[in-house]
Amino acid sequence: MQAQRFLVTGGSQGIGAAIVTLARAAGHDVVFTGRNEQLVAQVGRETGAHGLRADVSVGADNARTIEVCRERMGGIDVLVNNAAFGYSAEIGALDVEAMRTLFETNVFGMVDLTNRVVPLMKAQGHGDIVNLASTSGMKGGKGGTPYAASKWAVRGISQCWQAELRPHGIRVTCVCPSEVQTAWGGKVGRNNPNKLYAKDIAETIMAALHMPPSVLWPEVAVFANNPWKED
Ligand SMILES: NC(=O)c1ccc[n+]([C@@H]2O[C@H](COP(=O)([O-])OP(=O)(O)OC[C@H]3O[C@@H](n4cnc5c(N)ncnc54)[C@H](OP(=O)(O)O)[C@@H]3O)[C@@H](O)[C@H]2O)c1
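Rules and cut-offs
Residues numbered from 1 in each chain as written. Predicted model: local features only at pLDDT ≥ 70, side-chain atom pairs only at ≥ 80, totals over all residues. Helix = DSSP H or I, 4+ residues; strand = E, 2+ residues; numbered from the N terminus. Rg over C-alpha atoms; globule rule 2.2 N^0.38 Å. Buried ≥ 20, exposed ≤ 12 C-beta atoms within 10 Å, placed from the backbone. Contact = placed C-beta atoms within 7 Å. Near = placed C-beta within 6 Å. Expected span 1.5 Å × (residues − 1). Core = buried A, V, L, I, M, F, W, Y, C linked by C-beta atoms within 7 Å. Axes fitted to C-alpha atoms, helices over the stretch in contact; angles between N-to-C directions. Parallel < 35°, antiparallel > 145°, perpendicular 65-115°, else oblique. Left-handed = near helix turned anticlockwise from the far one by under 90°. Nonpolar A, V, L, I, M, F, W, Y, C, P; charged D, E, K, R; others polar. Pairing = 2+ DSSP bridges. Right-handed = clockwise from strand over helix to strand, strands pointing away.

Caption draft 1: Representation of the overall build of the chain within the structure. Within the chain, the secondary structure is distributed over six helices and seven strands. From first element to last, N terminus to C terminus, the chain shows the α and β order β-α-β-α-β-α-β-α-β-α-β-α-β. Taken against the 2.2 N^0.38 rule, which gives 17 Å for 231 residues, the C-alpha radius of gyration of the chain at 17 Å falls within 12% of a compact globule. Based on the C-alpha atoms only, the size of the chain along its principal axes is roughly 45 × 35 × 35 Å. For the chain, the proportion of its 231 residues judged to be buried stands at 39%. If you take every contact in the chain between residues at least 6 apart in sequence, the share linking residues at least 24 apart comes to 65%.

So, in C-alpha cells, the structure goes:
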C-alpha cells in the first residue's frame, strides 16, 4: 500500500492508539484525535503522528480536525471512526440523558465527521472509511440498550454508506471486535493471551486496507481464537 493520509478518531489510547502506531510504522501520515491532552501528546511523541485535542461529538471540533488534516496532509485517504465509550444500564433503570450523550459520540459524532470528510473523498475519487462497531452490535445482551443500540446503528449506517459510496470508489468497512483488552470501561491491566489485544484489531484493519482497492470486506467480526479460559 502506498503512503496514505490517515485520520483516526480516539487515537489517544486503546485500539485507536494501536492503529496510529501501526499506520505510522508502515510509513503513513497520521492525524488523530482524543480529548485527554496528556495522552494525545504522549501518543504523538511516541509515534510521530499529529495529535489533536478534539471531541467528535462537537461539530466545531470536527470542522477544525478536517482543517488540520488539509493543512498538514493535504487531505484524507483513510478515515477510521474509532472514538466511542460505553454506558451499560437495564431498562427500567436507564438514564436516557446518558444514553443520548453516548449517541452524541458513538453515532452522531461519527456521522458529523464523516459527513465533512466524504465530499473530499468524492472529489479525489477514492478513500477508505473504517467504522468500529462491535459484536455487541450483533447480539443484544443484559444492560446493552445504550451501547449495543449505538453499535447496531454503526453497522446499519455502514451498510447505507456502502450503498452510497461504492460508486465513488470509496470503501466502507465495518469492524466488529469481540472483547478487546483495552482500558475500556475502566478495566486496566488485563493480559489474557486467550483474549484480543488492541494490536489484533489494528492488524485486522490494516489487512482490510491492504486488500486491492476493487475488493471490499463490508463487515469483519473479530474473535479471539481459543478463548477457553475466562478472566
Ligand atoms: N475494548 C473492547 O472490548 C471493544 C470491543 C468491541 C468494540 N470496541 C470499539 O472499539 C473502539 C475503541 O475502543 P477501545 O477499547 O480502544 O476504547 P478506549 O481504550 O476506551 O479508547 C477510546 C478512545 O476514544 C476516545 N474518545 C472517546 N470519546 C471521544 C470523543 N467524544 N471524542 C474524541 N475521542 C473520544 C478516547 O480518548 P479520550 O478519552 O482522550 O477522549 C480514547 O482514545 C470503540 O469504538 C469501541 O466501541 C471495543
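Next comes the rest of the write-up.
Caption draft 2: Up close: the site of the ligand. With respect to spatial proximity, 31 residues lie near the ligand, and among them Gly10, Gly14, Gly34, Arg35 and Ala84 are the closest. Listing elements by their share of the shell around the ligand, those giving two or more residues are α1 (14-25), β2 (29-34) and α4 (96-124). It is α1 that provides the largest number of residues to the shell around the ligand, a total of three residues.

Caption draft 3: Geometry of helix α5 (residues 145-165). For α5, built from 21 residues, the straight-helix expectation of 30 Å at 1.5 Å per residue is met to within 8% by its first-to-last C-alpha distance of 29 Å. For α5, the full list of buried residues reads Pro146, Tyr147, Ala148, Ser150, Lys151, Val154 and Ser158. Taken together, the buried residues of α5 touch α4, β5 (127-132) and β6 (170-177).

Caption draft 4: Structural context of the nonpolar core. Counting residues in each nonpolar core, the largest one holds 46 residues, and the members touching the most others are Ile19, Val20 and Ile201. Considering every element that reaches this core, the biggest residue donor is α1, with six residues. With sequence-adjacent residues up to four places away left out, Val20 is seen in contact with Val8, Gly11, Val30, Phe32, Val43, Thr47 and Ala49.

Caption draft 5: The packing of α1 against helix α6 (residues 198-210), seen in detail. At a minimum axis distance of 8 Å, the contact between α1 and α6 shows a crossing angle of 55°. With respect to α6, the element α1 is oriented oblique. Between α1 and α6 lies a crossing of right-handed hand. Together, Gly14, Ile15, Ala18, Ile19 and Leu22 of α1 and Ala198, Lys199, Ile201, Ala202, Glu203, Ile205 and Met206 of α6 make up the contact between the two elements. Among the residues forming the contact of α1 with α6, the class breakdown is nine nonpolar, one polar and two charged.

Caption draft 6: Representation of the pairing of strand β7 (residues 219-222). Here β6 pairs with β7 via four bridges, running parallel. In the strand pairing of β7, Cys174 is matched with Glu219. Each parallel crossover has a hand, and for β6 linked through α6 to β7 it is left-handed.

Caption draft 7: Structural view of the sheet that holds strand β4 (residues 78-81). Taken together, the seven strands give an open sheet; going across it, the order is β3-β2-β1-β4-β5-β6-β7, and neighbouring strands pair in parallel fashion. Of all the strands in the sheet, the pair left with one neighbour each is β3 (50-53) and β7. Recorded for the sheet is a direction-independent mean angle of 15° between the axes of neighbouring strands. The strands that helix α3 (residues 59-73) touches are β1 (5-8), β2 and β3; relative to β2, the one it contacts most, it runs at about 160°. Contacts between α5 and the sheet are confined to β5, β6 and β7, with β6 contributing the most and set at about 165° to the helix.

Caption draft 8: Highlighting the pairing of β3. Across four bridges, β2 lies against β3 in parallel orientation. Looking at the pairing, Thr33 lines up with Leu52 of β3. As a crossover connection, the stretch from β2 through helix α2 (residues 37-47) into β3 is right-handed.

Caption draft 9: Structural context of α3. Spanning 15 residues, α3 covers 21 Å between terminal C-alpha atoms, matching the ideal 21 Å at 1.5 Å per step. The elements touched by buried residues of α3 are β1, β2, β3 and α4. Directly beyond the C-terminal end of α3, a positive phi value near 80° is found at Gly74.

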